[in-house]
Amino acid sequence: MSEANLNRADLSGANLKGADLSGANLSRANLSGANLNRANLSGANLKGANLSEADLSGADLSGADLSGADLSGADLSEANLSGADLSMYDLSEHDLSNRNLSGADLSGANLSRAYLIAANLNRVYLSGANLSGAKF
């Protein structure tokens, strides 16, 4: 399913566990409550996608564009976020401990009270990010 065009698709509650969606266009798609456990979303376009309450545990989001996406209540445990675009995103109080965030764009992101313990922050872009109360 690599590089599929699922722009604005309604995939709410879908079981996409382990799916290969690398490079897919999922901009503005509704993936609320979807099971994306261990899915390959590397390089995917998730601009403005609704990922609220989605299971993204163990998902590969490396290089994915998540700008404007709704990740409220999403499970990001063990997710690979290296090189992902999370600019201007509200990640306050999220547990990003032990996550690979290397090369991610977190410019302007709200990371207040976020848990970043043992996270890989190598080459992370943090210009204008709010890190107040973040735990390292």
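Below is a short write-up of the structure. The structure presented is a predicted model; accordingly, all values stated were derived computationally and were not measured. (Residues numbered from 1 in each chain as written. Predicted model: local features only at pLDDT ≥ 70, side-chain atom pairs only at ≥ 80, totals over all residues. Heavy atoms only, no water.)

**What to know about unusual backbone geometry**
Here R8, not a glycine, exhibits a phi torsion of approximately 65°, which is positive. Within the chain, E53 stands out as a residue other than glycine whose phi angle is a positive 60°.

**A word on the pattern of salt bridges**
A full pass over the atoms with the stated rule returns 3 salt bridges. The closest approach of N and O atoms between R38 and E78, which form a salt bridge, is 3.1 Å. Look at E78 and you get exposed, because its relative accessible area is 56%. A salt bridge links R113 to E93; its shortest N-O distance comes to 2.9 Å. Judged by its relative accessible area of 44%, R113 is partly exposed. (Salt bridge = Lys/Arg side-chain N within 4 Å of Asp/Glu carboxyl O. Buried < 20%, exposed > 50% of the residue type's maximum accessible area, 1.4 Å probe, protein only.)

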